[in-house]
Amino acid sequence: MKAFAYERARDAAAAVAAGADGATFLGGGTNLVDLMKLGVAEPQRLVDVSKLPFDAIEETPEGRLRIGAAVRNTDLAAHPLVRERYPVLSQALLAGASGQLRNLATVGGNLLQRTRCSYFQDVTKPCNKRRPGSGCPAVEGEHRNHAILGHSEHCVATHPSDMAVALAAIGASVHVLGANGERTIPIPGLHRLPGERPQHDTVLNGGDLITAVELGAPAPRSVYRKVRDRASFAFAVFSVAAVVEPADGALQDVRIALGGVAHTPWRAERAEAVLRGAEATPERFAEAAEAELAEARPLRDNAFKVPLARNVLIRTLAELTA
Amino acid sequence: MDADLTLRINGTEHELTVDVRTTLLDLLREHLGLTGAKKGCDHGQCGACTILIDGRRANACLALAVAHDGAELTTVEGLAQNDELHPLQAAFIEHDAFQCGYCTPGQLCSAIGMIEEARDDGATLDAAEIGERMSGNVCRCGAYPNVVAAIADTIA
Amino acid sequence: MSVATKSVGAALSRVDGRAKVTGQARYAFEEPVEGVAYAAAVTATIAAGEIDAIDAQRALALPGVLAVISHDNAPRLGETDDGELLLFQSDTVHYRGQIVAAVVAETLEAAREAAACVRVDYAARDHDVELTAEHPRLYNPEKVNPSFPADTAHGDAEAALAKADVVVDATYTTAPVHNNAMEPHATLAFWEGDDLTLYDSIQGTYGARRTIAQVFDLDPERVRVIAQHVGGGFGSKGTPRPQSVLAAIAARMVERPVKCALTRQQMFASVGYRTPTIQRVRLGATQDGRLTAIAHDAFEQTSTVREFAEQTCVATRMMYAAPDRLTRHRLVALDVPTPSWMRAPGECPGMFALESAIDELAVACNLDPIELRIRNEPELDPEKGIPFSSRNLVACLREGAERFGWAEREARTDGRWLIGSGVASSVYPVYRSPSKATARFEPDGGYSVEIAATDIGTGARTVLTQIAADALGVDTEHVRLEIGDSDFGQAAIAGGSMGTASWGTAVVRACEALLAQGEGEATVNTADEIKAQSELSRHAFGAQFVEVRVDADSGEVRPNRILGMFAVGRVINPKTARSQFIGGMTQGLGMALQEESVMDRGFGDYLNHDLAQYHVPVNADIEDIVAAWIDEDDGELNPMGSKGIGEIGIVGTAAAVANAVFHATGKRVRELPIRLDRVLA
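Residues numbered from 1 in each chain as written. Chains lettered and ligands numbered in written order. Predicted model: local features only at pLDDT ≥ 70, side-chain atom pairs only at ≥ 80, totals over all residues. Heavy atoms only, no water.

> I'd like a description of the nonpolar core, backed by residues and values.
In terms of nonpolar packing, the biggest core is built from 183 residues, with Leu24, Phe92 and Ile151 of chain B together with Leu283, Met319 and Ile674 of chain C touching the most fellow members. Counting 78 residues, the second largest nonpolar core, distinct from the first, contains Val104, Ile212, Ala251 and Val507 of chain C. (Core = buried A, V, L, I, M, F, W, Y, C linked by side-chain atoms within 4.5 Å. Buried < 20%, exposed > 50% of the residue type's maximum accessible area, 1.4 Å probe, protein only.)

As structure tokens, then:
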């Protein structure tokens, strides 16, 4: 690890100013310190934002939940209102990482965590995300865990966060404080597809500080299903966050996000279009899954994710609407 | 680049000056002779370094010491009171919840943190729930069922 | 049975339990030594070729850096069989991840940063890292580990297969897998004049001493290796590893104690692993399931540094009888790290293939797989034609079946889960190796016993205390056992499941000699006794039963319950024995479902080189696991009547899982690990 200057942010404005000046924000450290040890991240100046007053979970006047960016994953998952109104979010958080990591990891940091692609993590290998223009060895190399949707020839990595998938299904907005003031970015929308510039995971500018995440309407009928290679403490091979609002045997609203398939949490809009207003039947679920996955472009060795996604999505919808 | 910080470790206050890159794990092991917390992977992937930071279990290997200035740490060395073992330590011995012992300090601190978390959650700690909540502590010797039994025994 | 038993057979809690649960137990990197400096390894980023130049300028300029070591300035080393230990002697790169330089510094942080700053220029050549059954450079090794013939043949297996009523002909593959003990390999070395002491993370201090002495061209008397607590090994610490040599070289150069721990990532290149295998098993049988022909071909890899040939087919030579048999091992040297021992080398991958093929034969003959095995139970060792000292495989199968509810098993569906059960045999040979022990009367009325045994988590400290106590006719509180020090003389390594048998024999004889003497101390070396033992086929046996649930949508496989029923002679300590069996079975589960070191053909390294990407079982993976054993009285083993138990647990587990997956899904997966994508395919 290279040496760096460390300071605790006095307040949000000071943090943003430091960020605009090239400093890197430190939250819980569970991703950043890992990357610093790997040499993937080499910040010269660390600004610790974990102690800023963004650690509350509050109900807004409209009955939504506003979650401070410094709230720890454990606390978010355990909050009674989250468990009651957004079970998909609680489930997603608890499906991720380990108890120890969740205790330190912040909501802001979780959103901004980097891909687990083996090539990205190894500084002795080329990677367009880490070193633009150096190439993407995963395209022709080992890519079982990589994308089937939305990828480009420059990058086929996936986003590893479970929480982000749940937020994408719930619909959320991220409050950001930047050099030019405050703004709100929706989820989905925070994370980008790789395109020609995979080095940018999100639409944020350097120095933008996430201050809060505000959840959309309550999603009491929701679930997170994660498929992984061992029973716990493993990243998703595939996951789905589904939210339904049933009304008289039909689906008034449905929101679905997929994990483990793309550079972002993947909002399954085509599937939603098939299901919205329709009857909740196995045939409809299959039609929806097929509509979404028709766009899939699997790589040489990860085509299994297509039937996997199809089967699990259908089953998840069936169980959720039963 | 060095930094000054204060930590309260197992009840004792320490004023320290450390390389800003030093993690709590290396601080404990290399600077304070508290080698109980173990380095298994150094990247938060095995849990052998689990300690309690302000009462909560956390991986010491990913915690920069400077970022935890002022914190209260509990390590495995702080679990026994004088010569009397913590009930969980005694249960581990009784149930043979370890073999090589390298993951054991992490298992113990993690379990103590976990029991508290479950209480806060209102969760029922049956074997499956214990197993899930302890999955951040890898044991290559395979002592898992005995770890679960020792924990279950302690909270009974 | 020579030894009256009071302590032996008791479920004594580990004598080092308190030390381990209080964090007082010291592992190699933790031994408190004044003035110690830190060494960090620099590893090759090409898979084959040469080092052109090493530029240490930037590294040396960093504060706290004491030295940079490479083939440019390292001392000449002596000779040893294990080329992996001859660090910094040439500019050849044999595999990606090979240690090519090292930094020594005042602090860990400085050493690591400086290591990243050492610039190495390479002349790379094309690398070859892929094992196939058709590889043009496959050759017939003279021997397979440790000294078995590579090929055996009896009768004419090809002809017998050609005319058999029923034939199974299947190819099975096992992935490369890494031991991944929880404690990374670490050594603390210091010199006092020309005397070298190592605190090492090692499975045998005496053998290590001999090897290190060779490497440094020293009289072994000048070398001392100490290993009081070792955080697991599973074979990877059976012999010294590069960091032992690195630390000693560094200590000499900077004239201070130096300690070096490999990173988890580095462990995927430097400390051995189990070779991948491609195995073709052919079984010929009559309609009623009696084997007429057995053929087992194994293809595996070694490195260009040194030959290691895993003895994959050896279990097939003695498990079941058939008049016509052949086994063959073929090896290719690739630009990969040297494979070596991992829990039950040979038996483990070989029995996966054999016990899967036997299951396929049961299906082909429409026979219960247990009945099939019973029908082919040999009278004598088929290979050697001599009697077994004891063989209770059938009893294990029957008793295990009873306990498991085998007769009631049915492939069934429960929601989205497909449920099925499988069975497989386990076996592990019984070895004993010469060891020396010293027993002594102590002034306080108690006794001390010294032997260079090692406790790597097996419970050796505890069982040897029990064995000594009974041999002396006292309670365990009156025995102080000292182990883990090469100064105590020759002793077997903690490996090959031979530890307790080897050390226990020495401890018993030393205690007997002491009592006969009546005073002072007595030292015994068991070499003669072991050489004189009768010629019998000695093995431990077991039966593995597994019930799995398979997710019909995702292909995820989870174990509902796992049972191992073993016949291992006298169980010395039921508490620690149960832990060993379960530990082995847990690793077997990992082998079956999760573990796989992925060789990246483009870069030539094991790509998933950390514990987030290389999956070992976690707590939630193990739901219901039981280890049990039958009574077995075998007087032809050792004074304790015990067989080794450290490795047998892993042997049959993967096949039992694969057989259960077949029962549940109708799909025969012949490649390990049984990943969800393989189930879905």
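That shown, we press on.
> Summarise the packing of aromatic side chains; cite the residues concerned and give the values.
All names here are of chain C. Enumeration according to the criterion identifies 14 aromatic pairs over all chains in this entry. Look at Phe388 and Phe541: their rings are 6.1 Å apart centre to centre, the planes differ by 75°, and that puts the pair in the edge-to-face class. Of this pair, Phe388 sits in strand β18 (residues 388-390) while Phe541 sits in strand β25 (residues 537-551), and the two are 153 residues apart along the sequence. For the pair Phe388 and Phe541, one class covers both residues: buried. Three or more aromatic residues link up through ring pairs in this structure, and these residues are Phe404, Trp406 and Phe545. Its end group placed over the ring of Trp191, Arg252 keeps NZ or CZ at 3.9 Å from the ring centre. Over the ring of Trp417 we find Arg549; its NZ or CZ atom is 5.0 Å from the centre of that ring. (Phe/Tyr/Trp six-rings, centres within 6.5 Å; stacked < 30°, edge-to-face > 60°. Helix = DSSP H or I, 4+ residues; strand = E, 2+ residues; numbered from the N terminus. Lys NZ or Arg CZ within 6 Å of the ring centre and 35° of its normal.)

> Explain the interface of chain C and chain B to me, and be specific about the residues and the numbers.
Taken residue by residue, the interface counts 58 residues in chain C and 50 residues in chain B. Interface of chain C and chain B: buried area, both sides summed, is about 4,200 Å²; carbon and sulfur atoms make up 52% of it. If you sort the residues of chain C by the area they bury against chain B, Val21, Met182 and Asn619 of chain C come out on top, with a joint share of 19%. Summed over the shared surface of chain C and chain B, the result is seven salt bridges. A salt bridge links Arg29 of chain B to Glu30 of chain C; its shortest N-O distance comes to 2.7 Å. The interface formed by chain C and chain B contains 29 residue pairs in polar contact (both at pLDDT 80 or more). Those elements giving two or more residues to the side of chain C that touches chain B turn out to be α1 (17-21), α3 (108-117) and α14 (574-593) of chain C. Of all the elements, α14 of chain C adds the most residues to the side of chain C that touches chain B, at nine residues. Considering only residue class, the side of chain C that touches chain B consists of 24 nonpolar, 19 polar and 15 charged. (Contact = heavy atoms within 4.5 Å. Buried area = accessible area lost by both parts, 1.4 Å probe. Salt bridge = Lys/Arg side-chain N within 4 Å of Asp/Glu carboxyl O. Polar contact = N/O pair within 3.5 Å; in protein donor to acceptor, adjacent residues only side chain to side chain. Nonpolar A, V, L, I, M, F, W, Y, C, P; charged D, E, K, R; others polar.)

> Please provide a residue-by-residue account of the domain arrangement of chain A, values included.
All names here are of chain A. If you check the domain split of chain A, you get domain 1 (57-112 + 159-215) and domain 2 (222-321). Relative placement of domain 1 and domain 2: their C-alpha centres are 21 Å apart. Taking both sides of the interface into account, the surface hidden between domain 1 and domain 2 amounts to around 1,900 Å²; carbon and sulfur atoms contribute 63%. Its largest share of buried area at the contact with domain 2, domain 1 owes to His159, Val165 and Ala169, together 27% of the area lost on that side. (Domains from an automatic or database assignment.)

> Residues and numbers for the environment of Ala101 of chain C, please.
Residues and elements named next belong to chain C. Looking at the secondary structure, you find Ala101 in strand β5 (residues 99-105). The sequence separation of Ala101 and His329 amounts to 228 residues, and the corresponding C-alpha distance is 35 Å. When neighbours within four sequence positions are excluded, Ala101 is seen to be in contact with Ala40, Ala41, Val42, Ile69, Ser70 and Phe88.

> How would you explain the interface of chain A and chain C if you had to name every residue and give the values?
Listed as interface residues are 33 residues of chain A and, on the opposing side, 36 residues of chain C. Of the roughly 2,700 Å² buried between chain A and chain C, counting both surfaces, carbon and sulfur atoms make up 52%. Remark: the boundary between chain A and chain C carries six salt bridges. With its nearest N and O atoms 3.0 Å apart, the salt bridge here joins Arg225 of chain A to Glu556 of chain C.

> Please set out the packing of helix α11 (residues 460-472) of chain C against helix α12 (residues 499-517) of chain C residue by residue, giving values where relevant.
All names here are of chain C. Put simply, α11 and α12 touch, their axes get as near as 9 Å, and they point 30° apart. The angle between α11 and α12 falls in the class roughly parallel. The crossing of α11 and α12 is right-handed. In this structure, α11 contributes Ala460, Val463, Leu464, Ile467, Ala468, Ala471 and Leu472 to the contact, and α12 contributes Thr500, Trp503, Gly504, Val507, Val508, Cys511, Leu514 and Leu515. Its residues assigned to classes, the contact of α11 with α12 shows 13 nonpolar, two polar and no charged. (Axes fitted to C-alpha atoms, helices over the stretch in contact; angles between N-to-C directions. Parallel < 35°, antiparallel > 145°, perpendicular 65-115°, else oblique. Left-handed = near helix turned anticlockwise from the far one by under 90°.)

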